[in-house]
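# Structural overview
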Amino acid sequence: MKQEYLKYIRENVFPSTFCPGCGHGILLNAFVSALGELDYDQDNLVLVSGIGCGGWIASPHMNTDTLHTTHGRAIPFAIGVKMANPKLKVVVISGDGDLTTIGGNHLIHAARRRIPITVICGNNNIYGMTGGQASATTPVGARTMTTPLGNDYLPFDLVKLVKGAGGEHVYRFTAFHAMQMKKAFKEALQRDEFAFFDIITGCPVQYGRRNDLRDPAKMIQWMKEESVLFNGEYHDDKIMVGKF
Amino acid sequence: MAYKVIIRENWCKGCYICISLCPKNVFEKAGLIDDRGIIVSKAVRPEDCIGCQMCADHCPDLAITVEKEDE
Amino acid sequence: MPKEKVKTHLKPGKYFMQGDEACAEGAVAAGCSFFAGYPITPASEIMETIVKRFEEEKRVFIQMEDEIASMGAIVGAAWTGAKSMTATSGPGFSLKMENLGYAIMTETPCVVVDVQRVGPSTGQATRTAQGDLMQARWGTHGEHTIIALSPWSVEEAFYETIRAFNLAEQFRTPVIILMEEATGHLREVVSVPETVEVINRVEEGEGSPFGGKEPLDAVPPMPRFGTGRRLLVTGSTHNPDGYRKTQDRLTQENLLNHLRDKIENHKKEIVEYEEYFTEDADTVLISFGFAARAALKAVKEARKKGMKAGLLRLKTVWPMPTERFAALAARAGRIIVPEMNYGQLRGEVERFTAGKPVIGVNRADGEVITPESILKVMEEGEEK
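On a predicted model such as this, the values are computed, not experimentally measured, just so you know.

Conventions used here
Residues numbered from 1 in each chain as written. Chains lettered and ligands numbered in written order. Predicted model: local features only at pLDDT ≥ 70, side-chain atom pairs only at ≥ 80, totals over all residues. Heavy atoms only, no water. Helix = DSSP H or I, 4+ residues; strand = E, 2+ residues; numbered from the N terminus. Rg over C-alpha atoms; globule rule 2.2 N^0.38 Å. Contact = heavy atoms within 4.5 Å. Lys, Arg positive; Asp, Glu negative; His and termini not counted. Charge placed at Lys NZ, Arg CZ, Asp CG, Glu CD. Pairing = 2+ DSSP bridges. Axes fitted to C-alpha atoms, helices over the stretch in contact; angles between N-to-C directions. Expected span 1.5 Å × (residues − 1). Buried < 20%, exposed > 50% of the residue type's maximum accessible area, 1.4 Å probe, protein only. Parallel < 35°, antiparallel > 145°, perpendicular 65-115°, else oblique. Left-handed = near helix turned anticlockwise from the far one by under 90°. Nonpolar A, V, L, I, M, F, W, Y, C, P; charged D, E, K, R; others polar. Buried area = accessible area lost by both parts, 1.4 Å probe. Salt bridge = Lys/Arg side-chain N within 4 Å of Asp/Glu carboxyl O. Polar contact = N/O pair within 3.5 Å; in protein donor to acceptor, adjacent residues only side chain to side chain. 1 Å grid on protein atoms, 1.4 Å probe; cavity = no way out; pocket = protein on both sides within 12 Å on 5 of 7 lines; lining within 4 Å. Points joined across faces, edges and corners; volume = space filled by probe spheres on them.

What follows covers the overall build of chain C. Assigned secondary structure in chain C consists of 13 helices and 18 strands. Taking 2.2 N^0.38 as the reference for a compact globule, 384 residues should give roughly 21 Å; the C-alpha atoms of chain C span a radius of gyration of 21 Å, in line with that estimate. Considered along the principal axes of its C-alpha atoms, chain C spans approximately 70 × 50 × 40 Å. Sequence-distant contacts in chain C: of pairs separated by 6 or more residues, those separated by 24 or more amount to 76%. With 47 positive and 55 negative side-chain charges, chain C shows a separation of 2 Å between the mean positions of the two kinds.

The nine strands lie next to each other as β7(A)-β8(A)-β5(A)-β6(A)-β4(A)-β3(A)-β1(A)-β2(A)-β12(C), forming an open sheet whose pairing is mixed. One side of each edge strand has no neighbouring strand; the edge strands of this open sheet are β7 (227–229) of chain A together with β12 (232–234) of chain C. Strand after strand, the sheet turns through a mean of 25° between neighbouring axes, direction not considered. Relative to strand β8 (residues 239–243) of chain A, strand β5 (residues 170–174) of chain A runs antiparallel, the two being bridged by two bridges. Within β8 of chain A, the position partnered with R172 of chain A by the bridge is G242 of chain A. Along the sheet, helix α7 (residues 216–226) of chain A contacts β5, β6 (195–200), β7 and β8 of chain A; its crossing angle with β7 of chain A, the most-contacted strand, is approximately 40°.

Here the focus is helix α1 (residues 23–38) of chain A. In this model, α1 of chain A (16 residues) spans 23 Å end to end at C-alpha, consistent with the 22 Å of a helix rising 1.5 Å per residue. The element α1 of chain A is largely enclosed, with a buried count of 14 among its 16 residues.

The subject of this paragraph is the packing of helix α10 (residues 289–304) of chain C against helix α13 (residues 371–380) of chain C. Residue and element names in this part refer to chain C. In contact at an axis separation of 8 Å, α10 and α13 are set at 50° when each is read in the N-to-C sense. As the angle between them shows, α10 and α13 are arranged oblique. Regarding α10 and α13, the two cross each other, and that crossing is right-handed. Judged by residue contacts, A291, A294, A295, K297, A298, V299, E301 and A302 of α10 engage P371, I374, L375 and M378 from α13. Per-class residue counts for the contact of α10 with α13 are 10 nonpolar, no polar and two charged.

F14 of chain A connects to P15 of chain A through a cis peptide bond whose omega is 0°. As for its placement among the helices and strands, P15 of chain A is situated in the segment before α1. P42 of chain C follows T41 of chain C through a cis peptide bond whose omega is 0°. Along the chain, P42 of chain C turns up in the loop between β3 (34–37) and α2 (44–57). In this model, S121 of chain C sits at a positive phi of 55°, which is unusual for a non-glycine residue.

Interface extent is often summarised as the accessible area lost during association of the parts. On the chain A side, the residues contacting the 20 residues of chain B number 29 residues. Between chain B and chain A, a total of about 2000 Å² is buried, with carbon and sulfur atoms accounting for 58% of that surface. When residues of chain B are sorted by the area they lose upon contact with chain A, W11, K13 and L62 of chain B head the list and together hold 31% of the total. Summed over the shared surface of chain B and chain A, the number is one salt bridge. The interface formed by chain B and chain A holds 13 residue pairs in polar contact (both at pLDDT 80 or more) in total. Looking at the side of chain B that touches chain A, the elements with two or more residues in it are α1 (17–21), α2 (54–58) and β4 (64–68) of chain B. It is α2 of chain B that contributes the most residues to the side of chain B that touches chain A, four residues altogether. Here the residues of the side of chain B that touches chain A are counted per class, giving 11 nonpolar, five polar and four charged.

Okay, the side chain of E180 of chain C next. Residue and element names in this part refer to chain C. If you trace the backbone, E180 turns up in strand β9 (residues 174–180). Of the side chains with opposite charge, R293 comes closest to the buried, unpaired E180, at an N-O distance of 7.8 Å. At 3.0 Å, the side chain of E180 and the side chain of Q130 are in polar contact. Among residues more than four places away in sequence, those in contact with E180 are V115, Q116, T128, A129, Q130, S150, P151, F288, G289, F290 and M340.

The space that makes up the largest pocket amounts to roughly 610 Å³. If you trace the largest pocket, you find 29 residues lining it, with N125, P139, P155, K238 and I239 of chain A closest to the centre. Breaking the lining of the largest pocket down by element, the ones donating at least two residues are β6, α7 and β8 of chain A. At four residues, α7 of chain A tops the list of elements feeding residues into the lining of the largest pocket. When the residues that make up the lining of the largest pocket are grouped by side-chain class, the tally is 16 nonpolar, six polar and seven charged. In this model, the second largest pocket occupies a volume close to 410 Å³. As for the second largest pocket, its lining consists of 20 residues, of which G101, Y102, M105, H141 and G235 of chain C are closest to the centre. Secondary-structure elements contributing two or more residues to the lining of the second largest pocket are α4 (90–105) and α8 (249–264) of chain C. Sorting elements by how many residues they give to the lining of the second largest pocket places α4 of chain C first, with five residues. For the lining of the second largest pocket, a count of residues per class yields six nonpolar, 12 polar and two charged.

Let's shift gears to the sheet that holds strand β15 (residues 309–314) of chain C. Residue and element names in this part refer to chain C. On the basis of which strands lie adjacent, the open sheet formed by five strands has the order β13-β15-β14-β17-β18 and mixed pairing. Looking at strand neighbours, the two that pair on one side only are β13 (273–276) and β18 (358–362), the edges of this open sheet. Each strand of the sheet is rotated relative to its neighbour by a mean of 20°, with strand direction disregarded. Pairing between β13 and β15: four bridges, direction antiparallel. Across the sheet, residue E274 finds its bridge partner in β15, namely R313. Running over the sheet, α10 touches β13, β14 (283–288), β15 and β17 (334–339) and is turned about 165° from β15. Against the sheet, α13 contacts β14, β15, β17 and β18, and its axis sits at roughly 160° relative to β17.

The two faces of the sheet receive side chains in turn, since in a regular strand these alternate between them. Residues and elements named next belong to chain A. Among the five residues of β5, five are classified as buried, and the element is accordingly described as predominantly covered. Along β5, one buried face is formed by V170, R172 and T174 and the opposite face, lined by Y171 and F173, is buried too. Pairing between β5 and β6: five bridges, direction parallel. If you follow T174 over to β6, its bridge partner there is I200.

All names here are of chain C. By the secondary structure assignment, L311 is in strand β15. Residue L311 is classed as buried on the basis of its relative accessible area of 0%. In contact with L311, not counting residues within four places along its chain, are E274, E275, Y276, T278, L285, I286, S287, A292, A295, L296 and V299.

So this is what it looks like as structure tokens:
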């Protein structure tokens, strides 16, 4: 992290509470770098988050106005902020359990109505903070606390879900794609339109431990191997990354 | 071009993503456990750094700064 | 505290309107600048009137995908400086509870209208009740305090909505307006004045945004987003600067005491009630909302027949004027509590009447409670 970009974080709450190797930390890193490279006005930025490890990315780490809301409801709160004061840049940063499981309904309506907020989903395919229960994006066969023999349910493909709901500016990256993620964040920060990011972050402790990806470095390598850049052809058995 | 590789050790949590991603093998695990119980990562061969920023960009703890020597 | 006389958006004069409309007009008059809602019988007309007025007055309205989202949106909007409101009925009120607790915890001013209908559950959407009194007080989890008002006429729906906004801004708290469907869908005359007095939020000043002022019951200033304050707003237990302190016993105790004392220590400015013929009353009726209209009629009839009866009518239902309950009970022979539920107000009154007989007159079948049924109990005693 460039020293001059540290003004965007609250140093007094570091080291962060994230586990070693937490992909959400990489998302935070990319977001802060994006702000830094744009010399973004941190006093015209409101970060809204929900409950869960994803909800902690913005609050208390970010040195901006932050609104840490109830579980699953970051998007409606964010809509209130944005509609009441459209001059503010409003970014929702929260986890897959929060934004797409309990909060799924709010996500698809925000996409449908193209509310001019940026929504960044720190998607680690699990409910991490509460000990590792299955979420709406847990892959088939994955072991979690509530699916000890392997998850049976299909996960949401968040890119397809949000696009299907009418969302424009839909992206996916993994924690391996830190630089590409940062560039895309910069695009969204400069646009006053709905944008959605499915960021595959990775949870070494709750997900990785149960699914043979306990080592953070191994998890990042796995993301690198499984990702394919989207060029028009969508492969359901790969992690498609890029803009859709 | 020479680069400084600075790790803020009290922010490092010893995940070793930097060791894994560095194309020039700049990093190694420290030889000792610190007083938080963590074996941090250390830039032991900064002279080999090519400034690709892979470590700094992927550190979940924002602990690594890579900058040109003359900065 | 910044008070201001503002010109009403309607031409002063008499209007014949519905309770729901009056509530919405009161909100507009009070300076409500953001409304988020969801359709529900019998409150949809509030939203309908708001849509019409907000178009004219260029304020922000948004229909949300559900009641939970409406409550969240009005809290978010309030943090940009807006005076915000939502309106619902029983089923929606239940949905709003979690975010209502968030508003209490974060000291966010906002107004939540519950036009009560028959419950529980879907109940009878177009029929009246007073079954949500306890829910208004305790519907959201955890130890907390709340302010709730109960207008008993269409005209009061106008004025009490203005008072609700003022209390919300003065005490940085959500304020609930508990109406009944009977008032919401009733048409009566409202006298609209030329100006109304509004209280505006204190945004700047000494102290952190979440308490920490001396004394503990003082209302902290509430800055808005986008002014460089880099606010930390959270529903977790927090210190005065907004930092989460979820392992700290003292922070939690201070926070709870601050939230409670902020309202309880200022009851004089919050609690309002009316008394009719209570000076020498031996039979004292205590009631609220639409039921109190029948209670007043019953008291007048009883007086004609020579009974020394009187009425204490609550305008503020939470907090309650418990000292008044005790004082009236001390002089009276008995207390009678008519309400359109099975005894939610009675239970509260009983706690403060030192053993004097407290008799309920109850119905929750969707019909309005009648003066005759109250008079019958006053004359013949409790129904067996």
